[in-house]
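Structure assessment
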Amino acid sequence: KKLQEEDADDAAGTVSTPTTGASESRDDDNNARTLLKRLVLLSSVSGVMNCIFGRYIAHNSGGTFTTDTALVSLMSHVSPFMGLALLLHPLTMALEGSIIAGSDSGYLVGTYVMSLIVLLGQLKFICKDFLGVWHAILLFQMIRITQFGARVWKRTASSTSKQSR
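Residues numbered from 1 in each chain as written. Predicted model: local features only at pLDDT ≥ 70, side-chain atom pairs only at ≥ 80, totals over all residues. Heavy atoms only, no water.

A surface patch of nonpolar side chains, amounting to about 890 Å² of accessible area, comprises Leu41, Val45, Val48, Met49, Ile52, Phe53, Tyr56, Ile57 and Phe65. Along the chain, the position of Leu41 falls in helix H2 (residues 21–60). Residue classification places Leu41 among the exposed residues on the basis of a relative accessible area of 58%. (Patch = residues over 30% accessible without salt bridge, like charges linked within 9 Å, V, L, I, M, F, W, Y side chains within 5 Å. Areas by Shrake-Rupley, 256 points an atom, 1.4 Å probe, with all protein chains shown as cover. Salt bridge = Lys/Arg side-chain N within 4 Å of Asp/Glu carboxyl O. Helix = DSSP H or I, 4+ residues; strand = E, 2+ residues; numbered from the N terminus. Buried < 20%, exposed > 50% of the residue type's maximum accessible area, 1.4 Å probe, protein only.)

Now the structure itself:
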């Protein structure tokens, strides 16, 4: 009789497996951490490539975009800060995506408000030239990667500590 019930469940696609909720939760947490590690690795590689190609283009191919030699020189001059901002951007986006996936929109909105106030304040009151704009963008990326990284670290660490109990 029990085999017939299991066959009926198989046919209906409702097979019940004897697992515990805690075990499934651990598997989900491990899968999420594995995915996050892969995203961090992929975004880091992408950031390095963006940095290298962005700086190369600014140094060697600025004339492709303009014939103004002063602008080409300016692009070359700001390329270190542009490269650093481009290096951080993909990792920032990966961390932001994990916050979105964790349905932590309140934190995300709060951090954006704070980091945008800092960015706009720096652009309005501190920046004097084009190099200053790239300093502001780099600072914006550094603030965001710190905020998002700390949040993801905290949530991942708290998930890990719950598993060990």
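Here we come to the packing of helix H3 (residues 69–101) against helix H4 (residues 105–125). Where H3 meets H4, the closest approach of the two axes is 9 Å, and the angle between their N-to-C directions is 140°. On the basis of their axis angle, the class for H3 and H4 is oblique. Note on element contacts: H4 touches H3 through Tyr107, Leu108 and Tyr112, opposite Met93, Glu96, Ile99 and Ile100. Of the residues assigned to the contact of H3 with H4, the class counts are six nonpolar, no polar and one charged. (Axes fitted to C-alpha atoms, helices over the stretch in contact; angles between N-to-C directions. Parallel < 35°, antiparallel > 145°, perpendicular 65-115°, else oblique. Contact = heavy atoms within 4.5 Å. Nonpolar A, V, L, I, M, F, W, Y, C, P; charged D, E, K, R; others polar.)

As enumerated under the stated definition, the model contains three salt bridges in all. With a shortest N-O distance of 3.0 Å, Arg144 and Glu96 are connected by a salt bridge. Taken together, the residues span a long stretch of sequence, with Arg144 in helix H5 (residues 130–164) and Glu96 in helix H3 at a distance of 48 residues. Here Asp104 makes a salt bridge to Arg151, at a shortest N to O gap of 2.6 Å. Linking Asp104 in the loop between H3 and H4 with Arg151 in helix H5, this pair joins segments that are 47 residues apart in sequence. Judged by its relative accessible area of 10%, Asp104 is buried.

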